[in-house]
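One letter stands for each residue in the lines below.
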Amino acid sequence: MSSTQNAVLPEEQVVAAGTDVADRWYRVVWSSKKARVGIVIVAIYVLVALLAPVIAPYAPTDGSFTPLTGPSAQHLLGTNVGGVDVFSQVIYGSRVSLIVGLLGGLLATAIALLIGLVSGYAEGTVVDDVLTFLTNTALVIPVLPLIITLVAYSSTRGIPLIVGVIAITSWAGSARAKRAQIITLRNRDFVTAAKFSGDRTLRIIFSEILPNMTSLVAAAFVGAATGAIGAEAGLAVLGLGSSDSVSWGTILYQADAAGAISQGLFAWVFVPGLVLAILITSMAFINFGIDLLSNPHLRED
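Residues numbered from 1 in each chain as written. Predicted model: local features only at pLDDT ≥ 70, side-chain atom pairs only at ≥ 80, totals over all residues. Heavy atoms only, no water.

Per-residue pLDDT for the protein averages 81, and the proportion of residues at 70 or more is 89%. This stretch, residues 1–22, has a pLDDT under 50; its non-local contacts, to residues over four places away or in other chains, come to one contact. (pLDDT = per-residue confidence, 0-100. Contact = heavy atoms within 4.5 Å.)

As C-alpha cells, this is what we get:
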C-alpha cells in the first residue's frame, strides 16, 4: 500500500506544482494595479475592433455625407474632406493598430529570440561572432530614417510591408538582451545535467533554457508591439501608410492635409491621437506587471 502511494505521489506533486506556477504567474501580473488597468483597456480595444461593424454607424469608406461638417448627433466627430464619418473611421482604425502591433511584435520577437538564443548558446564561436556583428550593426543604424526609406521606395504599400519593415528594424536590442540572459543560464546545473544526459542542443535551448526566459520574452513582445503600433501611426501621419486600410495615422494625415485645426475641426485631430496615446500607454502599463515576474523586489505584495 505504501509503495503504491510513493509511486503516485511524485506525479501528483508535479501536477500541483505546474498548476501553482501557472496560477502564480497570473496572480503576479494581476497584482500590479497598472497592469490591471492596462489589461482592461487593451481588452476594451480588442472588443471594439472585433465589434467594429456593430459599433460604427457607417462604413469607413462611405463618402455620401456633406464634407467637413463639425460634430453632431448624426456624426459624432464630424466628417472629413471626402464626406466620410470620422467616428466610424476611428472605430475601424483600431483594427489596423492592433493587427500591426500583434504581427509586428510577434515577428520582431521571433527574430530577436532566434538570434539571441543561438548567439548566446554558441558564445565564443564563429557563429556568435557573426550574429553579434549583425546585431551591433543593426543597433547603430538609425531606425526611423531606414523605415521611411524602405516604405517610401516600395512599389506597394500595405499592412504586410509595414509589419515586415517594422520587424526587421526593431529586433536588435531585444536580441542582445536575450543573448546576455542565455549566457547566464547556459552554465546552470540543470543545463549541465541535460548535456550529460545526451540531450540535443536544440532541445536544451527550447526545453531547458527558454522556459526560464518567459518574462523576458513577454516583456520584449509587449515592447515590440507597442513600438510597431507607434511606428505604423508615424508612417501613416507622414503619408506612408497603407492605402488599402483606415488607421488612426491615416486619419491624422488627412486631418493635417485638410487643415482641420485651422477650420476648427478639433475633434478630427484630437480623438484619433487620444485613442492612440491611450493604447500605447495601456501596453506600457502591462509591462509593469510583466516586470514583476523577473524582478521579485518590485512586487507590491
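Additional details are given in the paragraphs that follow.
A few words now on the side chain of Ser247. Following the sequence through the fold, Ser247 ends up in the loop between helix 11 (214–237) and helix 12 (248–257). You can call Ser247 buried: its relative accessible area is 1%. Not counting chain neighbours up to four residues away, the residues in contact with Ser247 comprise Gly93, Val96, Glu232 and Ala236. (Helix = DSSP H or I, 4+ residues; strand = E, 2+ residues; numbered from the N terminus. Buried < 20%, exposed > 50% of the residue type's maximum accessible area, 1.4 Å probe, protein only.)

Turning our attention to the packing of helix 5 (residues 126–140) against helix 8 (residues 172–185). Between helix 5 and helix 8, the least distance of the axes is 8 Å, while the angle of their chain directions is 140°. Relative to helix 8, the element helix 5 is oriented oblique. Every pair of crossing elements has a handedness; the one defined by helix 5 and helix 8 is left-handed. Here Asp128, Thr132, Thr135, Asn136, Ala138 and Leu139 of helix 5 come into contact with helix 8, specifically with Ala172, Gly173, Arg176 and Arg179. Looking at side-chain class alone, the contact of helix 5 with helix 8 contains three nonpolar, four polar and three charged residues. (Axes fitted to C-alpha atoms, helices over the stretch in contact; angles between N-to-C directions. Parallel < 35°, antiparallel > 145°, perpendicular 65-115°, else oblique. Left-handed = near helix turned anticlockwise from the far one by under 90°. Nonpolar A, V, L, I, M, F, W, Y, C, P; charged D, E, K, R; others polar.)

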